[in-house]
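Okay, here's what each chain looks like letter by letter:
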Amino acid sequence: MRNAETALGIIRDRGRRGLPLNRIYRMLYNQDLYLCAYGRIYKNIGAMTSGATTETVDEMSINKIQTIIQTVKEERYRWKPVRRVYIPKNNSNKKRPLGLPTWSDKLLQEVMRLILEAYYEPQFSTHSHGFRPKRGCHTALSEIERKWPATKWFVEGDISKCFDSLNHEVLISILRNKIKDNRFLRLIENLLKAGYLENWQYNTTLSGSPQGGIISPILANIYLDNLDKFVETKLIPQYNTGTIRKSNPPYVKLRNRRRKLVARGENWEANKLLKEMKQIPSYDPNDNGFRRLRYVRYADDCVPRKLPKCA
């Protein structure tokens, strides 16, 4: 296990420094990485669910790991099509597709996911919260609660059929920007095109990453990280103006009157004005020179927040 952590630590360091990944395909030969991956997924409910074959976690062994490694070394590993089933959506009568890979595919996907996560996690936006270690819906909500005071407008976005709509060519080109290993990229590309079985009929996958695939969430985050960077570097700087709102004239007028009353010792009248002041904003809500846009994303759901001039 220490060998696996050392290998992932080296990749993580390259991610922090923004260096490209070279010759990482050979990391798929590391038996300790498979043991680490097994430790992470063997307790999952789906570990006992068969995919296109009857293989499940019950057939796990060191010999199976060695067989996978050998076929990967010889570039003979072939992904099986996932078995597609439909499960109910939360708070809806509709159902969503779920892909069930074979156990060997799950194990190799988890090894690849560990590698990708170690490298890309240090580079991801702080505004992204879905499918990331030590992050989730609660951290997304906490960011909104703590850092979005005086919010007036929320614009919720949801990418329809996000996992099903990922463009394979775009995804591979994004990965190729940082990963300089064609064998590793080819393995991912073959996974994306492995297809699925629905009612035991084979179907091709021309786009998307399979729902239920262990590697799918990290691939979606890598894909959508470009959206995060665009919002952070282009949209927010273009939209935001001003450093602070102007004072609200009615509030300033009441404040000045109260100061005079306090100076003359007319505290009862001053307290009446204080109550009036608390009913109106101290800063001008119609200040044309002040605008703010903030952004948070959880998986394929995002919430841009605006403070427009009419806020």
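Labelled according to an unreviewed UniProt entry, the chain appears under the name Group II intron reverse transcriptase/maturase, originating from Cytobacillus purgationiresistens.

A. Region of interest: a nonpolar patch on the surface. On the surface, Ile 159, Leu 227, Phe 230 and Leu 235 cluster together to form a nonpolar patch covering roughly 310 Å² of accessible area. Along the chain, Phe 230 turns up in helix H9 (residues 216-239).

B. Representation of the pairing of strand S3 (residues 95-100) within the structure. Summarising the sheet, strand S2 (residues 82-88) and S3 pair through six bridges and their orientation is antiparallel. Bridge pairing links Val 85 to Leu 98 in S3. Here S2 folds back onto S3 in antiparallel fashion, the turn holding six residues, of which Asn 91 has a positive phi close to 55°.

C. Geometry of the nonpolar core. Formed by 52 residues in total, the largest nonpolar core has its most connected members in Leu 28, Tyr 34, Ile 115, Leu 175 and Phe 184. Mapped onto this core, the elements with two or more residues apiece are helix H1 (2-17), helix H2 (31-41), helix H3 (62-73), helix H4 (103-120), helix H7 (168-178), helix H8 (182-192) and H9. Here this core takes 11 residues from H4, the largest share from any one element. With near-sequence residues (within four places) excluded, Ile 115 lies in contact with Leu 8, Ile 11, Ile 24, Met 27, Leu 28, Leu 33 and Phe 184.

D. Main features of H7. His 168, Leu 171, Ile 172, Ile 174 and Leu 175 are the residues of H7 that are buried. Axial view of H7: buried residues confined to an arc of 155°, hence all on one face. Away from its buried face, by an angle of more than 90 degrees, H7 presents the exposed residues Glu 169 and Asn 177. Buried-residue contacts for H7 involve H4, strand S6 (179-180), H8 and H9. Taking the backbone nitrogen of Glu 169 as reference, a side-chain oxygen 2.9 Å away marks Asn 167 as the first, capping residue of H7.

E. Spotlight on the pattern of salt bridges. Evaluated as defined, the whole model comprises 12 salt bridges. Where Arg 264 meets Glu 266, a salt bridge forms, and the shortest distance between an N and an O atom there is 3.1 Å. One continuous salt-bridge network, built from bridges that share partners, spans Glu 75, Arg 183 and Arg 186.

F. Structural detail: the packing of aromatic side chains. Using the criterion set out here, one finds nine aromatic pairs in the structure. Pairing Trp 148 with Phe 154 gives two aromatic rings, centres 6.0 Å apart and planes at 20°, and the pair type is stacked. Assessed through its relative accessible area of 47%, Phe 154 is described here as partly exposed. One aromatic cluster in this structure is built from Tyr 38, Tyr 42 and Trp 103. The ring of Tyr 29 has Lys 73 lying over it, and the distance from NZ or CZ to the ring centre is 5.5 Å. Positioned above the aromatic ring of Tyr 196, the side-chain terminus of Arg 84 is 3.7 Å from the ring centre.

G. Seen up close, the confidence of the model for the chain. Within the chain, residue pLDDT values average 89, and 97% of them lie at 70 or more. Confidence drops under pLDDT 50 across residues 307-311; counting only partners more than four residues distant or on other chains, this segment forms 23 contacts.

H. Structural context of the sheet that holds strand S7 (residues 196-198). Strands sit in the order S3-S2-S7-S8 across an open sheet of four strands; the sheet is mixed. The open sheet has two edge strands, S3 and strand S8 (201-203), and neither has a second partner. For this sheet, the mean inter-axis angle between neighbouring strands, taken without regard to orientation, is 45°.

I. Seen up close, the packing of H3 against H4. Closest axis-to-axis distance for the H3/H4 pair is 11 Å, and the angle between their directions is 70°. Compared by their axis directions, H3 and H4 come out roughly perpendicular. Taken as a pair, H3 and H4 cross one another with a handedness that is right-handed. Counting all contacts with H3, which are made through Lys 64, Ile 65, Ile 68 and Val 72, the residues of H4 involved are Trp 103, Ser 104, Leu 107 and Leu 108.

J. Spotlight on the environment of Asp 225. If you trace the backbone, Asp 225 turns up in helix H9. Residue Asp 225 is classed as buried on the basis of its relative accessible area of 12%. The residues touching Asp 225, leaving out its near neighbours within four places in the chain, are Gln 123, Phe 124, Ser 125 and Arg 297.

K. Main features of the environment of Glu 143. Position of Glu 143 relative to the elements: it lies in helix H5 (residues 137-147). The contact partners of Glu 143, leaving out residues within four places of it in the chain, are Thr 126, His 127, His 129, Trp 148, Tyr 295 and Val 296.

L. Broad picture of H8. Residues of H8 that are buried: Phe 184, Leu 185, Leu 187, Ile 188, Leu 191 and Leu 192. For H8, the angular spread of buried residues about the axis comes to 155°, placing them on one side. By the N-cap criterion, in which a side-chain oxygen at the helix start approaches the backbone nitrogen of a residue two or three places on, H8 is capped by Asp 181, the distance to Arg 183 being 3.1 Å.

M. View of the packing of H4 against H9. Close contact between H4 and H9 brings their axes to 9 Å; oriented N to C, the two are set at 30°. Compared by their axis directions, H4 and H9 come out roughly parallel. As H4 packs across H9, the resulting crossing turns out to be left-handed. Contacts between H4 and H9 involve Arg 113, Leu 116, Glu 117 and Tyr 120 from the former and Ile 218, Leu 219 and Ile 222 from the latter. In terms of residue class, the contact of H4 with H9 is built from five nonpolar, no polar and two charged.

What counts as what
- Residues numbered from 1 in each chain as written.
- Predicted model: local features only at pLDDT ≥ 70, side-chain atom pairs only at ≥ 80, totals over all residues.
- Heavy atoms only, no water.
- Patch = residues over 30% accessible without salt bridge, like charges linked within 9 Å, V, L, I, M, F, W, Y side chains within 5 Å.
- Areas by Shrake-Rupley, 256 points an atom, 1.4 Å probe, with all protein chains shown as cover.
- Salt bridge = Lys/Arg side-chain N within 4 Å of Asp/Glu carboxyl O.
- Helix = DSSP H or I, 4+ residues; strand = E, 2+ residues; numbered from the N terminus.
- Pairing = 2+ DSSP bridges.
- Core = buried A, V, L, I, M, F, W, Y, C linked by side-chain atoms within 4.5 Å.
- Buried < 20%, exposed > 50% of the residue type's maximum accessible area, 1.4 Å probe, protein only.
- Contact = heavy atoms within 4.5 Å.
- Arc of directions from axis to C-beta.
- Polar contact = N/O pair within 3.5 Å; in protein donor to acceptor, adjacent residues only side chain to side chain.
- Phe/Tyr/Trp six-rings, centres within 6.5 Å; stacked < 30°, edge-to-face > 60°.
- Lys NZ or Arg CZ within 6 Å of the ring centre and 35° of its normal.
- pLDDT = per-residue confidence, 0-100.
- Axes fitted to C-alpha atoms, helices over the stretch in contact; angles between N-to-C directions.
- Parallel < 35°, antiparallel > 145°, perpendicular 65-115°, else oblique.
- Left-handed = near helix turned anticlockwise from the far one by under 90°.
- Nonpolar A, V, L, I, M, F, W, Y, C, P; charged D, E, K, R; others polar.

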